[in-house]
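Breakdown of the fold
Okay, here's what each chain looks like letter by letter:
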Amino acid sequence: MSQTSTPKFKRILLKLSGEALLGDVDYGIDPNVIKRIANDIKEVTSLGIEVGVVIGGGNIFRGAGLARSGMDRVTGDHMGMLATVINSLALQDALESAGAYARVMSALSVHDVCEDYIRRRAIRHLEKGRVVIFAAGTGNPFFTTDTAAALRATEIGADLLLKATKVDGVYSADPMKDSTAIRYDSLSYTKILVDDLRVMDATAIVMCRDNDLPLVVFNLFNSGDLLKAVKGEPVGTRVTNEGKKGNH
């Protein structure tokens with residue numbers, strides 16, 4: 001698909017990890033990183049593509065990690081959900097500064113700072129060209145924001161789920177630890193589960209597989225890759241029910 005052609009997808013959902021917001025800081029949000037992410041999203045919306053975003057909270061709190069330290073898992077997960085609300089509000093502010101319209105919709109009720117998540121209202125926001133940021137995961141403990149991304153993408157009828165990471169796709173092993181790791185151009189959901197490739201948690205992968213939702217895993221820090229992905233150009237690793245093994 002050429003860069004001058006019309007976008008391949010009408011509606012997408014972008015999954016961002018909380019850690020992606022760290023940038024060069026040790027904790028919290030790097031203003032330069034969130035500004036660049038907002039500009040990338042604004043560029044996508046300028047093509048007429050409807051964009052939803054699910055963002056994690058690992059730069060502030062991670063429920064599972066708190067649980068390993070002895071905290072009650074449900075309490076830790078609720079703290080993690082609230083961390084995603086903080087990140088979502090920061091992204092909303094960055095998007096509005098970039099000239100985009102954005103709404104934060106939370107699975108937990110935080111009426112003073114954002115809207116409750118209501119599916120039909122979320123779709124209406126998208127249809128009006130607003131970026132919808134889905135906060136607080138699924139609203140339930142024990143479920144990751146990966147699962148929340150798969151769930152929200154399915155609920156809003158997204159054509160594509162994009163997972164932004166620190167590497168340029170899915171590898172057969174951790175490329176930071178294994179120099180022989182192979183990068184896949186395309187994969188099937190079944191292979192990810194069988195080989196335990198840890199792209200997303202198993203619940204999210206099964207939800208994408210069962211709803212035939214394509215997934216693209218790409219490097220958030222490669223400038224222009226998000227735009228290429230939504231144009232259908234080869235970027236990162238594409239995961240579908242029919243995906244086949246490929247490598248560079």
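You'll find the structure just up there.
Here's what I pulled together on the structure shown here. All values reported here derive from a predicted model rather than from experimental measurement. (Residues numbered from 1 in each chain as written. Predicted model: local features only at pLDDT ≥ 70, side-chain atom pairs only at ≥ 80, totals over all residues. Heavy atoms only, no water.)

1. Describing the sheet that holds strand β4 (residues 115–116)
Just so we agree on the cut-off: Only strands joined by at least two bridges in the DSSP assignment are considered to pair. Labels follow the DSSP assignment, with helices taken as runs of H or I lasting at least four residues and strands as runs of E lasting at least two, numbered in each case from the N terminus. Contacts are residue-level and defined by heavy atoms, with any inter-residue pair within 4.5 Å sufficient. Axis geometry follows a simple rule: fit a line to the C-alpha atoms, using only the stretch in contact for helices, then measure angles between N-to-C directions, giving values from 0 to 180 degrees.
With mixed pairing, 9 strands are arranged side by side in an open sheet as β4-β3-β5-β2-β1-β6-β10-β11-β9. Taken across any chain shown, the strands that pair with only one partner, and hence form the sheet edges, are β4 and β9 (186–188). Across 5 bridges, the pairing between strand β6 (residues 160–165) and strand β10 (residues 215–219) is parallel. Within the sheet, the bridge partner assigned to Leu161 lies in β10 and is Leu215. Helix-sheet contacts for helix α1 (residues 31–45) involve β1 (11–16), β2 (50–55) and β5 (131–135), and the interaxial angle to β2 is about 155°.

2. Here's the deal with helix α3 (residues 73–97)
We count it as follows: To estimate how far a helix should reach, multiply one less than its number of residues by 1.5 Å. In protein, a polar contact means a hydrogen-donor-capable atom and an acceptor-capable atom, both N or O and within 3.5 Å, with residues adjacent in sequence counting only if both atoms are side-chain atoms; elsewhere, any N or O pair within 3.5 Å suffices.
Between its first and last C-alpha atoms α3 spans 36 Å; for 25 residues at 1.5 Å apiece the expected length is 36 Å, and the two agree. For α3, the side-chain oxygen to backbone nitrogen distance between the N-cap and Val74 is 3.2 Å, and the N-cap itself is Asp72. One or two steps after α3, the chain reaches Gly99, where phi turns positive at roughly 95°.

3. Structural notes on unusual backbone geometry
For Asp196, which is not a glycine, the phi torsion comes out positive at approximately 50°. Here Asp196 shows up in the loop between α6 (189–195) and α7 (202–210). Within the chain, Arg198 stands out as a residue other than glycine whose phi angle is a positive 60°. You can see Arg198 is positioned in the loop between α6 and α7.

4. A closer look at the pattern of salt bridges
Pairing between side chains becomes possible if they bear opposite charge and their charged atoms approach one another. For clarity, the cut-off: Any carboxyl oxygen of Asp or Glu within 4 Å of a side-chain nitrogen of Lys or Arg constitutes a salt bridge here. Exposure classes here rest on a 1.4 Å probe applied to the protein chains alone. A residue is buried below 20% of its type maximum, exposed above 50%, and partly exposed in between.
Here the structure, examined in full by the defined rule, presents 14 salt bridges. Where Arg36 meets Asp40, a salt bridge forms, and the shortest distance between an N and an O atom there is 2.9 Å. With Arg36 and Asp40 both in helix α1 and 4 residues apart, this pair spans about one turn of that helix. By relative accessible area, which is 17% here, Asp40 ends up buried. For Asp196, the salt bridge goes to Arg198, with nearest N and O atoms at 2.9 Å. On the basis of relative accessibility, which here comes to 45%, the residue Asp196 falls in the partly exposed class. Relative accessible area serves as the criterion here: at 66%, Arg198 is assigned to the exposed category.

5. Describing the packing of α1 against α3
Rules: Crossing handedness is read from the near helix: turned anticlockwise from the far helix by less than a right angle, it gives a left-handed crossing, and turned clockwise, a right-handed one. Classes in brief: Ala, Val, Leu, Ile, Met, Phe, Trp, Tyr, Cys and Pro nonpolar; Asp, Glu, Lys and Arg charged; the others, Gly included, polar.
For the pair α1 and α3, interaxial distance at closest approach is 9 Å and the crossing angle is 60°. Classified by chirality, the crossing of α3 by α1 is right-handed. Touching Ile34, Ile37, Ala38 and Ile41 of α1 are Asn87, Ala90, Leu91, Ala94 and Leu95, all from α3. When grouped by side-chain class, the residues that make up the contact of α1 with α3 number 8 nonpolar, 1 polar and no charged.

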